[in-house]
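Working through the structure, step by step
The lines below spell out each chain.
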Amino acid sequence: MAARAMALSVDESTLVEEFLHGNRERAATQFVRRYQRFVYSIALRHLDGDHEDASDVARETFIRAFRALPRFNGDSSIQTWLYRITVNTCISFRRKWKKFVRLEEVLENAEELASQLPTPDRQVEDAEFLERFEAMLSKLPPKQRETFYLRYVEGLSYEEISTILGTSVSGLKANYYHAIRKLADILGHPIPNGGKR
Amino acid sequence: MKLDSLRLLLPDYATGRLSEHERRLVEDALKDSPELRAELEQIVALFDTFPAQRIVEEYDWRSRMLSVQVIERLRRESSQKRRWIHWLAFGTTCAALAIAVVVMQHRPLTPSNDPQQLQPPRLGQSAQAMETVPVHRNEQHVRIATKAVVPNRAISNTTFPTLAEIASIDAVWVATFPYDEIDHQFVEQFAEMLSDATVQ
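Values in this document were obtained by computation on a predicted structure and should not be read as measured data. The numbering scheme is per chain: residues are counted from 1 as the chain's sequence reads. Think of it this way: whatever chain is written first is A, whatever ligand is written first is 1, and the rest follow in order. Residue-level local features of this predicted model are given only where pLDDT is at least 70; pairs of side-chain atoms are given and counted only at 80 or more, and the full residue set underlies all totals for whole chains, interfaces and linings.

Examining the overall build of chain A
Runs of H or I in DSSP of at least four residues are treated as helices and runs of E of at least two as strands, each being numbered from the N terminus. Within chain A one finds 9 helices and 0 strands. Tracing chain A from N to C terminus, the helices and strands come up as α-α-α-α-α-α-α-α-α. Within chain A, buried positions represent 33% of all 197 residues. Contacts here follow a simple rule: the backbone-placed C-beta atoms of the two residues must lie within 7 Å. By sequence separation, contacts in chain A at least 24 residues apart represent 58% of the contacts at least 6 residues apart. Once C-beta atoms are placed from the backbone, each residue is buried if 20 or more other C-beta atoms lie within 10 Å of its own, exposed if 12 or fewer, and partly exposed for counts between those two.

Next up, the structure:
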């Protein structure tokens, strides 16, 4: 526990301990709810914006994470750890999973999902907003895209992003700034600057 | 601080994520630099077009079913694992029974050297009398416990155990199988390993 707690917050440690030694299902539910957006959005960016694939990968990522949780020693934060699992799962998915679409699983979940779909108006609005955002992001180089998302949307510190992406903090600040410049260009509102593009 | 370094701070200034010291540096520079102010305006316009909070909400909305799906899958895997363990225990029991039967059938029975005891029991002799049959067996439970009359057949000194004997042995073996002493955690891990290997 002491070793595991090194890079974890109190909340994260409690969650991990509860999963390993307490109410496994409750801890698993809290764990997924806490990190589902993070994992899903990473998968989405690594799978060219395919929402169904991103859902599949996110689900598999959590299953893999739960299997590996007893061996998680806490030398990085859970987000860093999950990021690596998600990226690896995306790579596996691209290689193999496409061949094995689990039809029965899709059918099982279809009815449940149908009952919880948003209203048509909201669907259209969501789709437009997210599609525009994702289309815009997809035009950035991978490092800048990840840095922008993790900093701007997830609000992670540069130190955390540095651990995840393996880039120096100063490099990340530059990446973030240049990502914003490019996004402004894409939107048709270029940022005036003293020459650097 | 150089203007280029200050530029890198502008996005975090716009989202309020600078330290007090850095914030003051940026504000001082903004007063003197119309270029920086113009940059900041464009950055703020970009952030207003795609507010982080809205993006978070949309992704939350899209991924909201994950917890249900993951828990459902965990439950399914858990029940599959339990089924695996039951099958493994059943298979082990069957294998052990089969081995026991084979061993009993092929175990050499030591005949007695006493010629008196080489006499086969008379037809209709009770099972109690079978204890005088020249066959040494160490295990208590191997003996037939029944008082039933021995069938009308001659028992030679090289006879293998009868079906009734084997049935009796098996029943005792099953009844005394130390199920509670099984290392269930080991069996569970073994089943999980097999399951993973099968999936891969």
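Past the structure itself, the notes keep going.
Points about the packing of helix 9 (residues 169-186) of chain A against helix 1 (residues 3-14) of chain B
Closest axis-to-axis distance for the helix 9 of chain A/helix 1 of chain B pair is 9 Å, and the angle between their directions is 70°. The orientation of helix 9 of chain A relative to helix 1 of chain B falls into the category roughly perpendicular. On helix 1 of chain B, the residues touching K173, A174, Y176, Y177 and I180 of chain A of helix 9 of chain A are R7, L8 and P11 of chain B. Orientation is described by axes fitted as lines to C-alpha atoms, over the contacting stretch for helices, and by angles from 0 to 180 degrees between their N-to-C directions. Any angle that falls under 35 degrees is termed roughly parallel, while one over 145 is termed roughly antiparallel, one within 65 to 115 roughly perpendicular, and all others oblique.

Topic: the nonpolar core
Membership of the largest hydrophobic core comes to 58 residues, with the highest contact counts inside it found for V39, Y40, A43, A58 and L82 of chain A. The dominant element in this core, judged by the number of residues it contributes, is helix 2 (residues 24-46) of chain A, at 11 residues. Those residues within four positions of A58 of chain A in sequence are excluded, and the remaining contacts are Q36, V39, Y40 and A43 of chain A together with S63 and L66 of chain B. Here, a nonpolar core denotes buried Ala, Val, Leu, Ile, Met, Phe, Trp, Tyr and Cys residues that are linked to one another through C-beta atoms within 7 Å.

Some words on the interface of chain B and chain A
In this complex, chain B contributes 30 residues to the contact, which on the side of chain A involves 38 residues. Elements represented by at least two residues in the side of chain B that touches chain A include exactly helix 1, helix 3 (34-49), helix 4 (52-62) and helix 5 (66-106) of chain B. Residue contributions to the side of chain B that touches chain A peak at 9 residues, all from helix 4 of chain B. For this scheme, ten residues count as nonpolar: Ala, Val, Leu, Ile, Met, Phe, Trp, Tyr, Cys and Pro. Four count as charged, namely Asp, Glu, Lys and Arg, and the remainder, Gly too, count as polar. In terms of residue class, the side of chain B that touches chain A is built from 17 nonpolar, 5 polar and 8 charged.

Some words on the packing of helix 7 (residues 142-153) of chain A against helix 9 of chain A
Residues and elements named next belong to chain A. It is at 8 Å that the axes of helix 7 and helix 9 come closest, and there the two elements cross at 95°. Classified by the angle their axes make, helix 7 and helix 9 are roughly perpendicular. Residue-level contacts link K143, Q144, R145, T147, F148 and R151 of helix 7 to L172, N175, Y176, H178 and A179 of helix 9. The residue inventory of the contact of helix 7 with helix 9, partitioned by class, reads 4 nonpolar, 4 polar and 3 charged.

Some points on the environment of Y83 of chain A
All names here are of chain A. If you trace the backbone, Y83 turns up in helix 4 (residues 78-95). Of the residues examined, Y83 has 25 C-beta atoms within 10 Å and is grouped as buried. The spacing of Y83 and I42 is 41 residues in sequence and 7.4 Å in space, taken between C-alpha atoms.

Section: unusual backbone geometry
Residues and elements named next belong to chain A. Here D48, not a glycine, exhibits a phi torsion of approximately 55°, which is positive. As for its position among the elements, D48 is in the loop between helix 2 and helix 3 (51-68). What makes D48 exposed here is the crowd of 11 C-beta atoms within 10 Å.

Here we look at helix 4 of chain B
Listing the buried residues of helix 4 of chain B in full gives I55, Y59 and R62 of chain B. For helix 4 of chain B, the arc enclosing every buried residue in end-on projection is 60°, short of the 170-degree limit, so these residues lie on one face. This arc is taken over the directions from the axis of the helix to the C-beta atoms.

Concerning helix 3 of chain B
Multiplying 1.5 Å by the helix residue count minus one yields the expected span of that helix. A rise of 1.5 Å per residue sets the reference length of helix 3 of chain B, with its 16 residues, at 22 Å; its end C-alpha atoms lie 23 Å apart and thus fit the reference within 8%. Buried within helix 3 of chain B are the following residues: L36, E39, Q42, I43 and L46 of chain B. End-on, the buried residues of helix 3 of chain B take up no more than an arc of 125°, which puts them together on one face. Turned more than 90 degrees from where helix 3 of chain B packs its buried face, P34 and D48 of chain B sit exposed. Packing partners of the buried residues in helix 3 of chain B comprise helix 9 of chain A together with helix 1 and helix 2 (20-32) of chain B.

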